[in-house]
Amino acid sequence: MLFEFFQLTLLLTSIVLTILLYKRLAGWWFRVKKFERDVEKHTRPSEQAKYHELLGTMAPSVQLTSVHNGQKFSLEQVSEGKDLVFAFMDKECIHCSNNFEIFLNETHKHSDITYAVIMDNLQTDEAKTFYDLHDGNVDIFVTAQSTFQDFQIPYLPAFFYIDSEKVIANVTPVPYFAFSKVNIQTYSA
């Protein structure tokens, strides 16, 4: 009798745990699929051109402070007359860390393009830690929160491709697409 009770309890526990595990996995699967749809929606050039108002316009002027030496820089000084990718990051952004590694790998394929990581000046300590973690091989700057507002950051991480004429040529949350321009004439209304 005790053995049958133990078997029944074990069977019911297994069924309940299986249902709970299935429910959790299904929830994760639906969230992943939603994330993939959102990424696809915001990275197709035609959708992207409609999505971000600054695409095809002059980049806002910025005042950046290097976490390496505290020196102040403008957009022109950072770009050095070349195309530029700004990677806007945040310490509390869960996707920023993962995407940053991908972004760094992509930078090696595009040595002709300057890039810089931008963080809020309230996160200077975290930016310095980030800088030290990458042995000073990454230009990391802090800036006022108003810069994030000027660039109308819709999500984090946000990668802005700014061409040598200082025109915003791409905006994407996906580091794989950060180094490509959108054909603005094709997608402007």
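About the cut-offs
- Residues numbered from 1 in each chain as written.
- Predicted model: local features only at pLDDT ≥ 70, side-chain atom pairs only at ≥ 80, totals over all residues.
- Heavy atoms only, no water.
- Buried < 20%, exposed > 50% of the residue type's maximum accessible area, 1.4 Å probe, protein only.
- Helix = DSSP H or I, 4+ residues; strand = E, 2+ residues; numbered from the N terminus.
- Pairing = 2+ DSSP bridges.
- Right-handed = clockwise from strand over helix to strand, strands pointing away.
- 1 Å grid on protein atoms, 1.4 Å probe; cavity = no way out; pocket = protein on both sides within 12 Å on 5 of 7 lines; lining within 4 Å.
- Points joined across faces, edges and corners; volume = space filled by probe spheres on them.
- Nonpolar A, V, L, I, M, F, W, Y, C, P; charged D, E, K, R; others polar.
- Expected span 1.5 Å × (residues − 1).
- Bend = angle between axes of the 7 residues up to and from the residue.
- Axes fitted to C-alpha atoms, helices over the stretch in contact; angles between N-to-C directions.
- Contact = heavy atoms within 4.5 Å.
- Phe/Tyr/Trp six-rings, centres within 6.5 Å; stacked < 30°, edge-to-face > 60°.
- Polar contact = N/O pair within 3.5 Å; in protein donor to acceptor, adjacent residues only side chain to side chain.
- Disulfide = S-S within 2.5 Å.

**Q** Can you help me understand the pairing of strand 5 (residues 140-143) in this one?
**A** The two faces of a sheet get side chains in turn, since along a regular strand they alternate between them. Residue alternation in strand 5 divides its side chains into two sets, I140 and V142 and F141 and T143, and both sets are buried. As paired elements, strand 4 (residues 114-120) and strand 5 share 4 bridges and run parallel to each other. Across the sheet, residue I118 finds its bridge partner in strand 5, namely F141. Crossover strand 4 to strand 5 through helix 5 (residues 124-133) is right-handed.

**Q** How do you make sense of the layout of surface pockets when you look at a structure like this?
**A** The gaps of empty space that remain are located by a probe, the size of a water molecule, rolled over the atoms. What the second largest pocket holds in volume is close to 170 Å³. The wall of the second largest pocket is formed by 13 residues, among which S66, F73, V78, D139 and F141 lie closest to the centre. Going through the elements one at a time, helix 3 (75-79) and strand 5 are the ones with two or more residues in the lining of the second largest pocket. Broken down by class, the residue content of the lining of the second largest pocket amounts to 6 nonpolar, 5 polar and 2 charged.

**Q** Could you clarify how one ought to interpret the environment of P173 in this entry?
**A** Topologically, P173 is positioned in the loop between strand 7 (168-172) and helix 7 (184-187). Residue classification places P173 among the buried positions, given a relative accessible area of 14%. Residues P173 and F160 lie 13 residues apart in sequence; the distance between their C-alpha atoms is 9.0 Å.

**Q** In this structure, what is going on with helix 4 (residues 94-107)? I would like to understand it.
**A** Every α-helix carries 3.6 residues per turn, so stepping three or four residues along brings you back to the same face. Its 14 residues give helix 4 an end-to-end C-alpha distance of 21 Å, which sits within 8% of 20 Å, the value for a rise of 1.5 Å per residue. Along helix 4, the largest kink reaches about 30° and is centred on F100. Along helix 4, the residues classified as buried are C96, N99, F100, F103, L104, E106 and T107.

**Q** Got a minute to help me understand the sheet that holds strand 6 (residues 158-162) in this structure?
**A** Sheet strands associate in pairs through backbone hydrogen bonding, adopting either a parallel or an antiparallel arrangement. Strand order in the open sheet made by the 7 strands is 2-1-5-4-3-6-7, with mixed pairing throughout. Unpaired on one side and paired on the other, strand 2 (72-74) and strand 7 mark the two borders of the sheet. Averaged over neighbouring strand pairs, the angle between their axes works out to 30° when direction is ignored. Where helix 5 meets the sheet, it contacts strand 4 and strand 5, and its direction lies at approximately 175° from that of strand 5.

**Q** Which parts of the structure should I look at to understand the packing of aromatic side chains?
**A** Two measures describe an aromatic ring pair: the distance that separates the ring centres and the angle between the ring planes. Within the structure shown, the criterion is met by 13 aromatic pairs. A centroid spacing of 5.5 Å and a plane angle of 15° characterise the contact between F103 and F179, whose relative ring orientation is stacked. Of this pair, F103 sits in helix 4 while F179 sits in the loop between strand 7 and helix 7; the two residues are 76 residues apart in sequence, bridging distant segments of the chain. Accessibility assignment for this pair places F103 and F179 in one class, buried. Three or more aromatic residues link up through ring pairs in this structure, and these residues are F100, F103, Y115, F130, F159 and F179.

**Q** So what exactly am I meant to see when it comes to the side chain of N170 here?
**A** Position of N170 among the secondary structure elements: in strand 7. By relative accessible area, which is 2% here, N170 ends up buried. A distance of 2.9 Å separates the side chain of N170 from the backbone oxygen of F177, its partner in a polar contact. A distance of 2.6 Å separates a polar side-chain atom of N170 from the backbone oxygen of S180.

**Q** Mind showing me how you'd approach the state of the cysteines here?
**A** Applying the stated criterion to the full structure yields 1 disulfide. One disulfide bridge connects C93 with C96, the sulfur atoms lying 2.5 Å from each other. The chirality of the disulfide connecting C93 with C96 is right-handed, given an S-S dihedral of about 95°. For the pair shown, C93 and C96 are each scored as buried.

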